[in-house]
Amino acid sequence: MKKTLLAALLSGLATAALADINIGVTLSATGPAASLGIPEKNTIDLMPKTIAGQKVNYIVLDDASDTTSAVKNARKLISEHKVDILLGSTTSPNSLAMIDVAAEGETPMISMAAAARIVEPVDAKKSWVFKTPQNDAQMSTAIVEHMTNSNVKTVAYIGFSDAYGEGWSNEFSKIAEARKLKLVANERFNRTDTSVTGQILKILAAKPDAILIGGSGTPAALPEKALKEKGFKGLIYQTHGVANADFLRVCGKDCEGTFLPAGPVLVANQLPADHPVRKSALEYVTKYEAAHGKGSVSTFGAHAWDAGLLVAAAAPVALKKAQPGTKEFRKALRDALENIKNLPAAHGVFNMSAGDHLGFDQRARGMVKIEGGAWKLVK
Amino acid sequence: MDLQIFLLLGQDGITSGAVYALLALALVLVFAVTRVIFIPQGEFVAYGALTLASLQAGKVPGTVWLLLAAGSAVAVLDGIRYLREGRYGKLPPLVIFNVGLPLAAAGALLVVPPDSLPLAAQVALALALVIPLGPMLYRLAFQPLASASVLVLLIVSVAVHLALTGLGLLFFGAEGSRTPAFTDISFELADTPLQGQTVLVVLASAVLIAGLYFFFERTLYGKALRATAMNRTGARLMGISSSMAGKLSFTLAAAIGAFSGILIAPITTIYYDSGFLIGLKGFVSAIIGGLASYPMAAFGALLVGLLESYSSFWASAYKEVIVFTLIIPVLLWRSLTSRHVEEEEE
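To start, this report covers the structure provided alongside it. What you see is a predicted model; the values in this text were computed from it and never measured.

The rules behind each value
- Residues numbered from 1 in each chain as written.
- Chains lettered and ligands numbered in written order.
- Predicted model: local features only at pLDDT ≥ 70, side-chain atom pairs only at ≥ 80, totals over all residues.
- Heavy atoms only, no water.
- Helix = DSSP H or I, 4+ residues; strand = E, 2+ residues; numbered from the N terminus.
- Expected span 1.5 Å × (residues − 1).
- Buried < 20%, exposed > 50% of the residue type's maximum accessible area, 1.4 Å probe, protein only.
- Contact = heavy atoms within 4.5 Å.
- Buried area = accessible area lost by both parts, 1.4 Å probe.
- Salt bridge = Lys/Arg side-chain N within 4 Å of Asp/Glu carboxyl O.
- Polar contact = N/O pair within 3.5 Å; in protein donor to acceptor, adjacent residues only side chain to side chain.
- Nonpolar A, V, L, I, M, F, W, Y, C, P; charged D, E, K, R; others polar.
- Pairing = 2+ DSSP bridges.
- Axes fitted to C-alpha atoms, helices over the stretch in contact; angles between N-to-C directions.

All names here are of chain B. Over its 23 residues, helix H3 (residues 63–85) runs 32 Å from end to end, which matches the ideal 33 Å to within 8%, given 1.5 Å per residue. Along H3, the residues that are buried comprise Thr-63, Val-64, Leu-66, Leu-67, Leu-68, Ala-70, Gly-71, Val-74, Ala-75, Asp-78, Gly-79 and Tyr-82. Check the buried side of H3 and you find it contacts helix H2 (41–56), helix H4 (91–111), helix H5 (119–130), helix H6 (133–142), helix H7 (150–172) and helix H11 (242–264). Taken from the residues just after H3, Gly-86 is the one with a positive phi, measuring 75°.

Laid out in structure tokens, this is it:
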């Protein structure tokens, strides 16, 4: 008798809380990916507190850039907090590991990590998974195109000795080979290395026309400094992983003339007035800088913002079909996410479909050059 | 690989080796005196470099608040003891050193913008903010456990390391910093460019090592530390306070760490968690010296630095693997050549 009373009481409590939309977030706000996770976490605070008249609760957990913690967080969010949707995680290994949990819990998930494998190919499990950052392949293509247009024949690669660096090495060498670019050296370094002299000397011995550095955040500045010190005169490319103000601060004049592909949000105020992303990108920049100071915005936070936009666009559709907190609502939310069309966001325009859970096209990337210590859009 | 590359790699290896040597010496010192395997050694490198960087950026570094908090905790703990024992005369110096000076530093930083100070003053200030953390850490975390087993001390040491890394993320953020070079001079040596900063690192390390040698051989405190390292009970019977020896060795370790951090900050980017790997390489070097011999540890550090540099050229993806695998043959050789002495139970 007591037990049933308790159960009734608990379920009463549960239904009271279930009227709100619960969004579970797991981010890498500490650990090696913290420079990406912290702006994402700051962005969650800027997201709408109500969607279509429904109160929205954000439950934010930190996974410390650790795969096991990300999975644990995802399980906890689904089973304890009964979330309607999962946002996260920051890194590709974490997001890949969460797919099984999301599919098992029949909860849609929006990842903020880059690897294409997170959403491709869309199968029974990955039908629950969406992501907001551009694929590595999209960005690699932009770099390779720019290289071939600049008459580069031989290229060297130096990247992180982790999933990020490996992923770029794979994507880049595939596309470079297809476009007849010769990869003459392929080196690795660690995020916290104090010297890359050995790798740089080996690369310089191979005499490449251009060098691509596959790193994220300020650690990617170290190879550039070593290259400048040793007198490298060719073109230097970075990936979109470096697109934050700290990189410019640390790299200083060593990074002048560096090229990188980036989402339009990085150069939002340089976009032409008729660019479809200009308005939505500027909205994010204004909001973030109002809360965290001028020049604080980074492209990583914008991936989280885009995830928020997706939820805000899909939730009203799903609310018409079912109540938040139910299995039906989660299913309806998934269907609504898949049918999002022409949604301008900070990084591009989303056009989801059953076979494409990213939905970005050419408008989601541009080449950017570092000039006078600032990002300049290359026309 | 031509001669120039060989020389450049050697130069790079010696530079890293010089820093590892300093850390290895600090690790040997702390272990010999207190039996603590001092994992947070690397954190002092990161704290020293990042405190300097945030001073140069015109910010008040978070280390000030940590110093204030740790100092207050020490003052409360020791203050209660002095009050109980009726040693009132000890109270004013205790409060002045642990709370007064950090408060004065915090006050001064809030009044004077730190980026307006000359470089030497910034360096001195950064050192003054980081070094006292060493003895405070010893007082708070290790002194109450001074007679515990090496394993317990190691566990505490790991906990302190994790706490300091977390605080580092809070204070300095996830992104790294680099400070401007102390000197822009560069030389040509056998057709190989040589940066003034690199020479400075090697020279400073050499001077510091010589200074440590002088300290241990010629000063009373140095001899007291050596005596404690050889036989703690015996040293205590001769009137050497083991908690004084512990605090002194932690002060030296913190000073060496912070100084190394400030030395390498201009040549590389330092992150809140960079210290761990640097400290670990210092540890590998110290192991080569059996955690007991200073010259062997310094030699080991050079070996680690050179190995790291050449392996980053040949097989960059396996660089860390190669460096840390070095510890296996070393341990094997040590366990075959040296007799194992059971640890004395107290």
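There is more to say after this.
With that out of the way, let us pick up the interface of chain A and chain B. Facing 34 residues of chain A, the contacting portion of chain B comprises 31 residues. Interface area, chain A with chain B, both sides summed: about 2500 Å², of which 51% is carbon and sulfur. Interface area lost by chain A to chain B is led by A:Thr192, A:Thr194 and A:Leu201, which between them contribute 21%. Between A:Asp254 and B:Arg178 there is a salt bridge, and its shortest N-O distance comes to 3.7 Å. Our count for the contact surface shared by chain A and chain B stands at 19 residue pairs in polar contact (both at pLDDT 80 or more). Here the side of chain A that touches chain B gets six residues from one element, more than from any other, and that element is helix H7 (residues 197–205) of chain A. Across the side of chain A that touches chain B, the residue classes break down as 10 nonpolar, 13 polar and 11 charged.

Residue and element names in this part refer to chain A. Per the counting criterion, the structure on display carries 26 salt bridges over all chains. The partner of Arg-249 in a salt bridge is Asp-246, with the nearest N and O atoms 2.9 Å apart. In this pair, Arg-249 and Asp-246 are both assigned in helix H9 (residues 245–251), three residues apart and thus about one turn of the helix distant. Look at Asp-246 and you get partly exposed, because its relative accessible area is 28%.

To continue, consider the sheet that holds strand E6 (residues 129–131) of chain A. Residue and element names in this part refer to chain A. With mixed pairing, the six strands of this open sheet are ordered in space as E2-E3-E1-E4-E5-E6. Each edge of the sheet is formed by a strand with only one pairing partner; in this case those strands are strand E2 (50–51) and E6. As defined by bridge partners, strand E5 (residues 109–111) adjoins E6 across three bridges and the pair is classed as parallel. Paired with Ser-111 across the strands is Lys-131, a residue of E6. Contacting strand E1 (21–27), strand E4 (85–88), E5 and E6, helix H12 (residues 327–338) runs over the sheet at an angle of about 45° to E6.

Now for the side chain of A:Ser280. Mapped onto the fold, A:Ser280 is located in helix H10 (residues 278–292). A:Ser280 has contacts with A:Trp305, A:Pro344, A:Ala345 and A:Ala346, leaving out every residue within four places of it along the chain.

Residue and element names in this part refer to chain B. With respect to the helices and strands, the residue Arg-334 is situated in helix H15 (residues 327–337). The spatial distance from the C-alpha of Arg-334 to the C-alpha of Ile-287 is 9.3 Å, given a sequence separation of 47 residues. Each residue touching Arg-334, except ones within four places of it in the same chain, is listed here: Ile-287, Ile-288, Gly-289 and Gly-290.

On to the pairing of strand E15 (residues 374–377) of chain A, then. All names here are of chain A. Of the two faces of E15, the one lined by Trp-375 and Leu-377 is fully buried and the one lined by Ala-374 and Lys-376 carries no buried residue. Note that strand E14 (residues 366–371) and E15 share four bridges and pair antiparallel. Paired with Lys-369 across the strands is Lys-376, a residue of E15. With antiparallel pairing between neighbouring strands as the criterion, E14 and E15 make up a hairpin whose turn holds two residues, including Gly-372 at a positive phi of roughly 60°.

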